[in-house]
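Results of the structural survey
Next come the chains, spelled out residue by residue.
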Amino acid sequence: MMAQSIGDMSNDDWNTFIGRFTDLLMDFDIAGSVGNYSLYTALHGEYDKAKTDAKDGTLDIEKALLGAMLLDGECIAGVRKCLPRFRQQSHRTIYNAICALNDNGEPADQVTVSEELSARGQLNDVGGAATIASLVGEMATSVNAEYHAKILATLISRTVEA
């Protein structure tokens, strides 16, 4: 199956494409470089930008999932099943606090998570109680949280492989 955009291509697919494209250009004697800037480097730079943009998209999904877990403790188990970790450190810290509360049979909402992070000395590290409260507004419902967690896990695995 052909990738729909540069960001969807794996490193192996991209390297194969670049290798074939460069070979084609060399066959026509038009490959080369200007200073230290080669066609290969230029094309790889575009791929790196696409990968960075894909990473940035994960942050919105991470926020939405954290918001869903704060809204509805029933979705925590499903998210945990699909998603072992978050990409952004502050999100991992919040996620770990949510999971710890859940493991102890305690509710994980914006108040209890803020208190848990404060007790750990990590509340300021994640942006304070206002950041925790803002996460609740990131997701209107937790209905599809497990599905969103699967999407996020796939995106994170792609960026880790890259």
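In the block above lies the structure referred to throughout.
Their axes nearest at 9 Å, the elements helix H4 (residues 89–103) and helix H5 (residues 110–120) cross at an angle of 105 degrees. Judged by the inter-axis angle, H4 sits roughly perpendicular to H5. From H4, Thr 93, Ile 94, Asn 96, Ala 97, Ile 98, Ala 100 and Leu 101 reach across to H5, where they touch Thr 112, Val 113, Glu 116, Leu 117 and Arg 120. Here the contact of H4 with H5 is composed, by residue class, of 7 nonpolar, 3 polar and 2 charged.

Further remarks concern the packing of aromatic side chains. The geometry of an aromatic ring pair comes down to the distance between the two centres and the angle between the two planes. As enumerated under the stated definition, the model contains 1 aromatic pair in all. Between Phe 86 and Tyr 95 the ring centres are 4.6 Å apart and the planes differ by 55 degrees, which places this aromatic pair in the tilted class. This pair shows no difference in class: Phe 86 is buried, exactly as Tyr 95 is.

Rules used in this analysis
- Residues numbered from 1 in each chain as written.
- Predicted model: local features only at pLDDT ≥ 70, side-chain atom pairs only at ≥ 80, totals over all residues.
- Heavy atoms only, no water.
- Axes fitted to C-alpha atoms, helices over the stretch in contact; angles between N-to-C directions.
- Helix = DSSP H or I, 4+ residues; strand = E, 2+ residues; numbered from the N terminus.
- Parallel < 35°, antiparallel > 145°, perpendicular 65-115°, else oblique.
- Contact = heavy atoms within 4.5 Å.
- Nonpolar A, V, L, I, M, F, W, Y, C, P; charged D, E, K, R; others polar.
- Phe/Tyr/Trp six-rings, centres within 6.5 Å; stacked < 30°, edge-to-face > 60°.
- Buried < 20%, exposed > 50% of the residue type's maximum accessible area, 1.4 Å probe, protein only.

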